[in-house]
Amino acid sequence: MRPVVSYVLIAAVAGFIGASFSSAPAIADKISQHFGARDNDPDGFWSTPAIDGYGKIHYEADAAYKPAVGDSNKVVFQITKAENGPKVPNLGLERVARVVNLYIASGVPQEQLKFVVSVTGDGTPAMLNNTEYKKVFGVDNPNLKLISELRAKGVDVSVCDQSVAFHHFKHEWIDTSVTHALSSPTTVATLENQGYAFLAM
């Protein structure tokens, strides 16, 4: 009798797990819709004060822990992932744009921002020039306009040359707007030794 009970329990647990996995996409969609921008947000709820069209923010003037004029405002961002499809900018770059927007909205002048982006790992293809990107993904590189916007605000966007090599990309396949760095770990370590804060994006 005991084996029969065991089989019943195993079947019940398996059915529960299977049902959970089958409903996972629907749950993920609900969460995404809940936390994403809504069509009924009032005008002016979201803004992009520095990087036009990228990294939208909702600014609250009385929020705590705001960036301040006079702070070092030195940050090195590391991007290691490609969390979304190739037709839209890398989410890590979008997050960097959000930080720039937040600093500018908080009153920190652009010339006081000392921001460096270090791209490595699965984020590396986003650094390809348009010709090579199109060969790989069949679409124009949507990251290049955002990189240009970041550079216009003084943000240095760099790529890990070790990751370029691991991807079997040629040096010249990387867009000319991107700085070639020896590696991402050495970039982060060097800048942290110079007083930069580290943010993983």
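Quick caveat: nothing in here was measured; it's all calculated off a predicted structure.

J.: Before we go on, may I ask you to explain the overall build of the protein chain in this structure?
T.: Helices and strands together make up the secondary structure of the protein chain, namely 6 helices and 5 strands. Reading the secondary structure of the protein chain in the N-to-C direction produces α-β-α-β-α-α-β-α-β-α-β. Across the 201 residues of the protein chain, 33% fall into the buried class. Entry remark: accessible area of the protein chain is about 11900 Å², with carbon and sulfur atoms responsible for 59%.

J.: Teacher, can you tell me more about the environment of Glu149 here?
T.: Looking at where Glu149 falls in the secondary structure, it is placed in helix H4 (residues 143-152). For Glu149, a relative accessible area of 22% gives the class partly exposed. When the C-alpha atoms of Glu149 and Asp52 are compared, they prove to be 7.8 Å apart, with 97 residues separating the residues in sequence. Filtering out sequence-adjacent residues up to four positions away, Glu149 remains in contact with Ile51, Asp52 and Tyr54.

J.: Could you clarify how one ought to interpret the sheet that holds strand S1 (residues 74-79) in this entry?
T.: Pairing between the strands of a sheet comes from backbone hydrogen bonds, and it takes one of two forms, parallel or antiparallel. Spatial ordering of the open sheet is given by S4-S3-S2-S1-S5, a layout of 5 strands whose pairing is parallel. Looking at which strands have only one partner, the edges of the open sheet turn out to be strand S4 (179-181) and strand S5 (197-200). Strand-to-strand twist of the sheet, defined as the mean angle between neighbouring strand axes without regard to direction, takes the value 30 degrees. The sheet contacts of helix H2 (residues 91-105) involve S1 and strand S2 (114-119), and relative to S1 the element is tilted by about 160 degrees.

J.: It is not clear to me how the pattern of salt bridges should be interpreted in this structure. Could you clarify?
T.: Should the charged atoms of two oppositely charged side chains come close, the side chains can pair. Counted by the stated rule, this structure contains 5 salt bridges. Of the charged contacts, one joins Arg95 and Glu83 as a salt bridge, the two residues approaching to 2.6 Å between their closest N and O atoms. Linking Arg95 in helix H2 with Glu83 in the loop between S1 and H2, this pair joins segments that are 12 residues apart in sequence. Under the relative-accessibility criterion, Arg95 is labelled partly exposed at 26%. Residue Lys145 is joined to Glu149 by a salt bridge in which the shortest nitrogen-to-oxygen separation is 3.4 Å. Residue Lys145 and its partner Glu149 are located together in helix H4, separated by 4 residues, close to a single helical turn.

J.: Where do I start with the packing of aromatic side chains in this structure?
T.: The geometry of an aromatic ring pair is captured by two quantities: the separation of the ring centres and the angle between the planes. Scanning all chains against the criterion turns up 5 aromatic pairs. Measuring from centroid to centroid gives 5.2 Å for Phe45 and Trp46, while their planes differ by 80 degrees, and the two rings are edge-to-face. Summarising the aromatic geometry, the rings of Phe77 and Phe115 are spaced 5.2 Å apart at their centres and angled 85 degrees between planes, so their arrangement reads as edge-to-face. Taken together, the residues span a long stretch of sequence, with Phe77 in strand S1 and Phe115 in strand S2 at a distance of 38 residues. Note on accessibility: Phe77 and Phe115 belong to one class, buried. An aromatic cluster is built from Phe77, Tyr103 and Phe115, whose rings are joined through pairwise contacts. Of note, Lys56 hangs over the ring of Trp46, and the distance from its end group to the ring centre comes to 5.4 Å.

J.: Even after reading the chapter, I still don't get the nonpolar core, so can you show me in this structure?
T.: Nonpolar side chains in soluble globular proteins generally cluster together in the buried interior. Core analysis: the largest hydrophobic core is formed by 33 residues, its most contacted members being Phe115, Val117, Met127 and Leu150. Going through the elements one at a time, S1, H2, S2, H4 and strand S3 (156-160) are the ones with two or more residues in this core. For this core, the element with the most residues is H2, which contributes 6 residues. Apart from residues no more than four positions distant in its own chain, Met127 is found in contact with Leu93, Val119, Ile147, Val157, Val159, Ile174, Asp175 and Val178.

J.: Whenever I open this one, unusual backbone geometry confuses me. Can you help?
T.: Outside of glycine, negative phi angles account for most residues, and trans bonds account for most peptide bonds. Even without a glycine there, the phi angle at Tyr65 is positive, about 60 degrees. Residue placement: Tyr65 occurs in the loop between helix H1 (2-35) and S1. Of note, the phi angle at His168 is positive, near 60 degrees, even though the residue is not glycine. Locating His168 in the fold gives a position in the loop between helix H5 (161-166) and S4. Residue classification places His168 among the exposed positions, given a relative accessible area of 67%.

J.: Just checking my understanding: could you explain the confidence of the model for the protein chain for this structure?
T.: Any segment with low pLDDT has predicted coordinates that should not be analysed in fine detail. Averaged over every residue, the pLDDT of the protein chain is 88; residues scoring 70 or more account for 81%. Counting contacts from residues 8-14, a segment whose pLDDT is below 50, to residues more than four positions away or on other chains yields 0 contacts. In this model residues 19-24 is a low-confidence stretch, pLDDT under 50, and it forms 0 contacts with partners more than four residues away in sequence or in other chains.

Cut-offs applied
- Residues numbered from 1 in each chain as written.
- Predicted model: local features only at pLDDT ≥ 70, side-chain atom pairs only at ≥ 80, totals over all residues.
- Heavy atoms only, no water.
- Helix = DSSP H or I, 4+ residues; strand = E, 2+ residues; numbered from the N terminus.
- Buried < 20%, exposed > 50% of the residue type's maximum accessible area, 1.4 Å probe, protein only.
- Areas by Shrake-Rupley, 256 points an atom, 1.4 Å probe, with all protein chains shown as cover.
- Contact = heavy atoms within 4.5 Å.
- Pairing = 2+ DSSP bridges.
- Axes fitted to C-alpha atoms, helices over the stretch in contact; angles between N-to-C directions.
- Salt bridge = Lys/Arg side-chain N within 4 Å of Asp/Glu carboxyl O.
- Phe/Tyr/Trp six-rings, centres within 6.5 Å; stacked < 30°, edge-to-face > 60°.
- Lys NZ or Arg CZ within 6 Å of the ring centre and 35° of its normal.
- Core = buried A, V, L, I, M, F, W, Y, C linked by side-chain atoms within 4.5 Å.
- pLDDT = per-residue confidence, 0-100.

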